[in-house]
Amino acid sequence: GFLFVVANDSTLNASFLDSDLGNAGLSAISGTVTNDSVANVSFTNGSLANNGINAVNIFGDDSDINLTIDNADAQNNGSHGGQFTLQNDGDLVANISDSNFSNNPGDAYFASVTGNGSSAVFTLDTVLADVSGDSGFDFSATNNSVFSLTATNSSFDQSGSHGITG
């Protein structure tokens, strides 16, 4: 997998094309971005599947994170397909297309957005988030934060709890 930490007014630009980051002991993509830092991560054509915890695990605190995932298999992880935690003016823009985040025992996507000024904006286009043990997309936005979801041609079917819940 790919583990990154970006801190103290730093910038990360990472791009993966035709890659396999799956089968990791923890997560295929796992990042912590803090203290006025920026992370730009792009993954196109490959596997983020079969990990011990999550396909994608992102934590942002006082940061800007831009995540693009296109044509990825992110199934069969130990917990969630994607877990996203934003706090204290942490901002995430996630564009996910033509990808499969199904068959995870937790949620296909789990997002927690807390703290004044924090935001998470998800644009999902032609994604599968089916057969999740809990929910297809489970989100929370508290303490003057913002959560936004736009889903087009996407499926949140046959989850153990809810298709989408907040």
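Look up: the structure comes first, before these words.
Residues numbered from 1 in each chain as written. Predicted model: local features only at pLDDT ≥ 70, side-chain atom pairs only at ≥ 80, totals over all residues. Heavy atoms only, no water.

Residue Asp89 is not a glycine yet carries a positive backbone phi of 70 degrees. Position of Asp89 relative to the elements: it lies in the loop between strand 5 (82–87) and strand 6 (91–100). We note that Asn143 has phi near 55 degrees; this positive angle belongs to a residue other than glycine. Mapped onto the elements of the fold, Asn143 is located in the loop between strand 9 (135–141) and strand 10 (146–152). (Helix = DSSP H or I, 4+ residues; strand = E, 2+ residues; numbered from the N terminus.)

Turning to the environment of Thr126, a few remarks are in order. As for its placement among the helices and strands, Thr126 is situated in strand 8 (residues 119–128). On the basis of relative accessible area, Thr126 is assigned to the partly exposed category, the value being 35%. On a C-alpha basis, the gap between Thr126 and Asn100 in space is 8.8 Å, while along the polypeptide they are 26 residues apart. Aside from chain neighbours lying at most four places away, what touches Thr126 is Ser97, Asp98, Ser99, Thr152, Asn153 and Ser154. (Buried < 20%, exposed > 50% of the residue type's maximum accessible area, 1.4 Å probe, protein only. Contact = heavy atoms within 4.5 Å.)

Within the fold, Ser112 resides in strand 7 (residues 109–113). Judged by relative accessible area, which is 17%, Ser112 ranks as buried. Apart from the residues lying within four places of it in its own chain, the contact partners of Ser112 are Phe84, Thr85, Leu86 and Ser140.

If you look at the biggest cluster of nonpolar residues, it comprises 40 residues, and the most contacted ones within it are Phe4, Leu48, Phe84, Tyr109 and Phe122. When residues of this core are traced back to their parent elements, those giving at least two are strand 1 (2–6), strand 2 (11–20), strand 3 (29–47), strand 4 (56–73), strand 5, strand 6, strand 7 and strand 8. In terms of residues, this core owes the most to one element, strand 4, which gives 6 residues. Once residues within four sequence positions are removed from consideration, Phe122 is found in contact with Phe84, Leu92, Ala94, Ala111, Phe137, Phe147, Ser148, Leu149 and Thr150. (Core = buried A, V, L, I, M, F, W, Y, C linked by side-chain atoms within 4.5 Å.)

Let us look at the packing of aromatic side chains. With the rule as written, the count across this model stands at 10 aromatic pairs. Ring centres of Phe16 and Phe43 lie 6.5 Å apart, and the angle between their planes is 40 degrees; on these two criteria the pair is classed as tilted. Taken together, the residues Phe16 in strand 2 and Phe43 in strand 3 connect sequence positions 27 residues apart. The exposure class assigned to Phe16 is buried, which follows from its relative accessible area of 17%. (Phe/Tyr/Trp six-rings, centres within 6.5 Å; stacked < 30°, edge-to-face > 60°.)

So, about the pairing of strand 3. With 5 bridges joining them, strand 1 and strand 3 adopt parallel strand pairing. Bridging from a neighbouring strand, Val6 pairs with Val33 of strand 3. Two strands pair when backbone bridges link them, and strand 2 and strand 3 are joined in this way by 9 bridges, in the parallel orientation. Residue pairing across strands places Thr11 opposite Val38, the latter belonging to strand 3. Bridging between strand 3 and strand 4 involves 16 bridges; their strand directions are parallel. Bridge pairing in strand 4 places Phe43 opposite Ile69. (Pairing = 2+ DSSP bridges.)

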